[in-house]
Amino acid sequence: MKRRNFLKNASLTGLGLAVVPSIISCETDKKEQKATATGKIVVPVVVATWRFHNATKAAWEVLEKGGESIDAIIAGCRVEEADLKNTTVGNGGSPDRDGNVTLDACIMNKEGNYGAVVCMENIAHPISVARKVMEETPHVIFAGKGAEQFAVEQGFKRENLLTESSKRAWEKWKVKSEYKPIINIENHDTIGMLAIDKNGDISGGCTTSGMAYKMAGRVGDSAVIGSGLFIDNTVGGATATGMGEEVLKTVGSFLIVELMRQGRTPQEACEEGVRRIVESNPNHNNFQVGYVALNKKGEYGCYCIHGGFGISKYQEGEQTYVKSGSYIKKA
Ligand code: GLY
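Nothing here was measured: the structure is a model prediction, and the numbers come from that model.

Student: Break down the overall build of the chain for me, citing the residues and quoting the values.
Tutor: Within the chain, the regular secondary structure consists of 10 helices and 13 strands. The proportion of buried residues among the 331 residues of the chain is 61%. Of the contacts formed within the chain by residues at least 6 apart in sequence, a portion of 68% connects residues at least 24 apart. On the chain, roughly 13,100 Å² of surface is accessible, and the fraction owed to carbon and sulfur atoms is 50%.

Student: Go over the sheet that holds strand β3 (residues 114-120), please, and point to the residues and values.
Tutor: Here we have eight strands laid out as an open sheet, ordered β4-β3-β2-β6-β5-β1-β11-β12, and mixed in their pairing. Pairing within the sheet leaves two strands with one partner each, and these edge strands are β4 (141-143) and β12 (318-323). When the angles between neighbouring strand axes are averaged without regard to direction, this sheet yields 10°. Sheet contacts for helix α4 (residues 69-82): β2 (103-108), β5 (191-196) and β6 (202-208); angle to β5, the most-contacted strand, approximately 155°. Along the sheet, helix α5 (residues 126-136) contacts β2, β3, β4 and β6; its crossing angle with β3, the most-contacted strand, is approximately 130°.

Student: Break down the environment of C270 for me, citing the residues and quoting the values.
Tutor: In this fold, C270 is placed in helix α10 (residues 266-278). The spacing of C270 and L294 is 24 residues in sequence and 9.9 Å in space, taken between C-alpha atoms. Once you skip the residues sitting within four places of it in the chain, C270 turns out to touch I256, Y291, V292, A293, G301, C302 and Y303.

Student: Let's hear about the sheet that holds strand β7 (residues 229-232): which residues, and what values?
Tutor: In space, the five strands of this open sheet follow the order β7-β8-β9-β10-β13, with mixed pairing throughout. The outermost strands of the open sheet, each flanked by one partner alone, are β7 and β13 (325-328). Pairs of neighbouring strands in the sheet enclose a mean axial angle of 15°, with direction left out of account. With three bridges connecting them, strand β10 (residues 300-306) and β13 associate as parallel partners. Note that in β13 the partner of H306 across the bridge is I328. Strand contacts of α10: β9 (289-295), β10 and β13, with the helix running at about 20° to β10, the strand carrying the most contacts.

Student: So, the environment of T163: which residues are in play, and what are the values?
Tutor: Of note, T163 is situated in the loop between α6 (144-153) and α7 (164-176). Ignoring any residue separated from it by four or fewer positions in sequence, one finds T163 in contact with L84 and G92.

Student: Before we move on, can you summarise the pairing of β5 with the specific residues and values?
Tutor: Here β5 lies mainly inside the structure; six of its six residues are buried. Side-chain alternation along β5 places I191, M193 and A195 on one buried face and G192, L194 and I196 on a second face that is also buried. Two strands pair when backbone bridges link them, and strand β1 (residues 45-49) and β5 are joined in this way by four bridges, in the antiparallel orientation. Looking across to β5, one finds that V45 is bridged to I196. What sits between β5 and β6 in their antiparallel hairpin is a turn of five residues, with G200 showing a positive phi close to 85°.

Student: Describe in detail unusual backbone geometry, supporting the description with residues and values.
Tutor: Backbone torsion omega between V43 and P44 reads 5°, so that peptide bond is classified as cis. Looking at the secondary structure, you find P44 in the loop between α2 (30-38) and β1. Positive phi values are uncommon outside glycine, yet W50 reaches one of about 60°. Positionally, W50 belongs in the loop between β1 and α3 (53-64). Positive phi is not limited to glycine here, since N122 has a value of about 70°. With respect to the element layout, N122 can be found in the loop between β3 and α5. Since its relative accessible area comes to 25%, N122 is described here as partly exposed.

Reading the values: the criteria
- Residues numbered from 1 in each chain as written.
- Predicted model: local features only at pLDDT ≥ 70, side-chain atom pairs only at ≥ 80, totals over all residues.
- Heavy atoms only, no water.
- Helix = DSSP H or I, 4+ residues; strand = E, 2+ residues; numbered from the N terminus.
- Buried < 20%, exposed > 50% of the residue type's maximum accessible area, 1.4 Å probe, protein only.
- Contact = heavy atoms within 4.5 Å.
- Areas by Shrake-Rupley, 256 points an atom, 1.4 Å probe, with all protein chains shown as cover.
- Pairing = 2+ DSSP bridges.
- Axes fitted to C-alpha atoms, helices over the stretch in contact; angles between N-to-C directions.

By themselves, these are just geometric observations and shouldn't be taken as functional.
Pasting the structure below:
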């Protein structure tokens, strides 16, 4: 299969989409309008892509006790990495087309330090390995076998990440090796998480098994600084979910943080990040991208190409799901 077709079709399988008519719109919930209007600082706070409520709850428990945002990110992301039912993150993730589960993750802290692993196999918690890369080495990204070897040296145990059900699904896929659209898979993709602790310091993390049945060696946006995640403790942070190739090409999370630095609200910045992808790519009906951003006041925003995306938020002791506005609305 030609690369262009593979990417187009693969986007339909692993990442969820809706093929629908186009009008520009913005949906915000009341809490967002209030936070934006008052300019009040409301921290601690944690936000994450999709309905990852268990993850934001775990992160909130760290923040509520006065813990640091970096520890909240680790606690939250590890919940999804350990969830065998989640086929897009960590243990139980869908394999590549050769049947190997390869994981990408990164983390960024209040000092602007960053660590990542890409295409790592056999280690269930890439977010924790990414933290070790950041804190224990002079480097920022470890890949493949080197990442796995480093993880083992750091005390992580090797384990088989391919569950029986993921294996069965892959074997079924192999019969035709075709990609077919799955419309609008909510609650079903990369987890990107941003947290601000009671000291007002922000950290972020992003972890994924990437596109289902991707070509061997494929790396998406999630572990790439500025694309799947960017943090600047003077401004805020942003993270992404969806078709990694499109986020990479527009350096989406860095763009959103820079827009917030220039005065845009998190919502406005996310919308511009999506517009940069959509307006330069006539193929945008065939893939989904969603962004979430948080500024230092604890104001948040989210936006996506196709409806169906939303974020989980924990703030002021309350957990909520915020439905994202979308560039393309359902008819
Ligand atoms: N956003 C996840 C990926 O493209 O790998």
